[in-house]
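# Reading the structure
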Amino acid sequence: MAASSNSSLSGSSVSSDAEEYQPPIWKSYLYQLQQEAPRPKRIICPREVENRPKYYGREFHGIISREKADELLGGVEGAYILRESQRQPGCYTLALRFGNQTLNYRLFYDGKHFVGEKRFESIHDLVTDGLITLYIETKASEYISKMTTNPIYEHIGYATLLREKVSRRLSRSKHESRKTSVTNEEHTAVEKISSLVRRAALTHNDNHFNYEKTHNFKVHTFRGPHWCEYCANFMWGLIAQGVQCSGLKSEGLYRVSGFTEHIEDVKMAFDRDGEKADISANNYPDINIITGALKLYFRDLPIPVITYDTYSKFIEAAKVPNADERLEAVHEVLMLLPPAHYETLRYLMIHLKKVTMNEKDNLMNAENLGIVFGPTLMRSPEDSTLTTLHDMRYQKLIVQILIENEDVLF
């Protein structure tokens, strides 16, 4: 996860009096930079490219030169394309515009996309992470270096520390131990590493503390910086891959309803406990309860995932007769969604695409899921039963298109 901090450290300096020492409190500076980073802008190839790898979308432009790639990007920050190398056919390159220059990275795929150590489900995720990392390193390299060499909390969780307002001072012996540790670390020669994430990971891996509480890890997809409440360390890496739902092969997934009272129990658990809500198979062995709760959540949103402002534009896009032109029209409207709605829709479509890959077992194809999720994700701003009934087939078609073309549209 990316670390969060502020432009000045609270209590980071070591007083001459050991009793006055307080550990640093990192706030939201890096998180703010993460939010300011350029957003990916995919430059679509206007023609159909022959021999395009199936795991690349319309951002693939075939065999073109670096100069042509630079021209296509048009000097737009965050713009990117994929190309095949002229010098090495069969080798692929990500051309990315950042800092008023075009950066070229050798691109690999082994079931996931990568240019370094981190693997990503999609090119969009890879470019998003790359832009954030580049932006943060450009704006705060010295700050990060200072942050990763300063001591961190040993026993007190960050949130707990804030609640107590740093009311407890550390003992002299602990201070001396910390001071020795920091001094040793400052005099250790560390190879220069360009990646923000790897640089911080090296520092964290060298800390072998005996924590009072043990970790209880749960694989999750993170979209921002997070603290571990138990050891007070930052968790690094913008995106971590989640586990695959064991219910993907359940027949009638998302179509079959779970018991209403159990679905309400899940809803109340999230309202009460937030992310700590226990929805494990031990509590809810029926996967239809969980899928029902997810559908209920989307139905209850005051503004649908596909917003009221874009609803009519999506409906009109669905009515375009030509399939290729219809796909382009849907993509144009997608770009009008607010970032949070766009990202939520993208992740849901990635999941639903995985559901369709198990169609032999769950009997749920993109059309069936479109019937289920069409009215759930998009609702007419007009409170008219007649309009709703008339638009249902187009709602279904939009979701079906989003699922079937998830890798191209997002």
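For clarity, every value in this text was computed on a predicted model and none was experimentally measured.

## Examining the packing of aromatic side chains
How two aromatic rings sit relative to each other is set out by the distance from centre to centre and by the angle between their planes. Enumeration over the complete set of coordinates arrives at nine aromatic pairs. Their ring planes at 75° and their centres at 5.6 Å tell us that Tyr 56 and Tyr 92 sit as a pair that is edge-to-face. With a gap of 36 residues between them, Tyr 56 in the loop between strand E1 (41-42) and strand E2 (60-63) and Tyr 92 in strand E4 (residues 92-98) connect regions that are remote in the sequence. Ring pairs connect the aromatic residues Tyr 55, Tyr 56, Phe 60, Tyr 92 and Tyr 109, which therefore count as one cluster. Sitting over the ring of Tyr 394, Lys 319 keeps its end group 5.3 Å from the ring centre. Cation over ring: Arg 346 sits above Tyr 347, and NZ or CZ is 4.7 Å from the ring centre.

## Let's talk about the side chain of Ser 85
Relative to the helices and strands, Ser 85 resides in the loop between strand E3 (79-84) and E4. By relative accessible area, which is 13% here, Ser 85 ends up buried. Not counting residues up to four positions away in its chain, the partners in contact with Ser 85 are Ile 63 and Cys 91.

## Details of the nonpolar core
Among the nonpolar cores identified, the biggest contains 40 residues, and Leu 345, Phe 373 and Leu 402 are the most heavily contacted of them. Breaking this core down by element, the ones donating at least two residues are helix H8 (287-300), helix H9 (308-318), helix H10 (323-334), helix H11 (339-356), helix H13 (366-377) and helix H14 (385-404). Residues in contact with Phe 373, not counting those within four places in the same chain, are Tyr 254, Lys 295, Phe 298, Leu 348, Leu 352 and Val 399. Core analysis: the next-biggest nonpolar cluster, separate from the first, contains 24 residues, Val 49, Phe 60, Leu 94 and Ile 132 among them.

## Topic: unusual backbone geometry
In the Ramachandran plot, Asn 51 falls in the positive-phi region, its phi being about 60° despite a non-glycine side chain. Positive phi values are uncommon outside glycine, yet Leu 363 reaches one of about 60°. Relative to the helices and strands, Leu 363 is located in the loop between helix H12 (359-362) and H13. Exposure remark for Leu 363: the relative accessible area of 46% places this residue in the partly exposed category.

## Digging into a negative patch on the surface
Judged by side-chain charge, Glu 261, Glu 264, Asp 265 and Asp 300 come together as a negatively charged surface patch. In terms of residues, the negative patch owes the most to one element, helix H7 (residues 260-273), which gives three residues. The topology assignment puts Asp 300 in helix H8.

## With respect to H14
End to end, H14 covers 29 Å across 20 residues, agreeing with the expected 28 Å (1.5 Å per residue, within 8%). Most pronounced at Asp 391, the bend in H14 amounts to some 45°. Taken together, the buried positions of H14 are Thr 387, Asp 391, Tyr 394, Gln 395, Ile 398, Val 399, Gln 400, Ile 401, Leu 402 and Ile 403. In this fold, the buried residues of H14 make contact with H9, H10, H11, H13 and helix H15 (406-409).

## Quick notes on the environment of His 124
With respect to the helices and strands, the residue His 124 is situated in helix H3 (residues 123-149). By relative accessible area, which is 7% here, His 124 ends up buried. Dropping the residues within four chain positions of it, His 124 is found in contact with Pro 40, Tyr 80, Tyr 342, Glu 343, Arg 346 and Phe 410. Polar side-chain contacts of His 124 include one of 3.5 Å to the side chain of Glu 343.

What counts and how
- Residues numbered from 1 in each chain as written.
- Predicted model: local features only at pLDDT ≥ 70, side-chain atom pairs only at ≥ 80, totals over all residues.
- Heavy atoms only, no water.
- Phe/Tyr/Trp six-rings, centres within 6.5 Å; stacked < 30°, edge-to-face > 60°.
- Helix = DSSP H or I, 4+ residues; strand = E, 2+ residues; numbered from the N terminus.
- Lys NZ or Arg CZ within 6 Å of the ring centre and 35° of its normal.
- Buried < 20%, exposed > 50% of the residue type's maximum accessible area, 1.4 Å probe, protein only.
- Contact = heavy atoms within 4.5 Å.
- Core = buried A, V, L, I, M, F, W, Y, C linked by side-chain atoms within 4.5 Å.
- Patch = residues over 30% accessible without salt bridge, like charges linked within 9 Å, V, L, I, M, F, W, Y side chains within 5 Å.
- Areas by Shrake-Rupley, 256 points an atom, 1.4 Å probe, with all protein chains shown as cover.
- Salt bridge = Lys/Arg side-chain N within 4 Å of Asp/Glu carboxyl O.
- Lys, Arg positive; Asp, Glu negative; His and termini not counted.
- Charge placed at Lys NZ, Arg CZ, Asp CG, Glu CD.
- Expected span 1.5 Å × (residues − 1).
- Bend = angle between axes of the 7 residues up to and from the residue.
- Polar contact = N/O pair within 3.5 Å; in protein donor to acceptor, adjacent residues only side chain to side chain.

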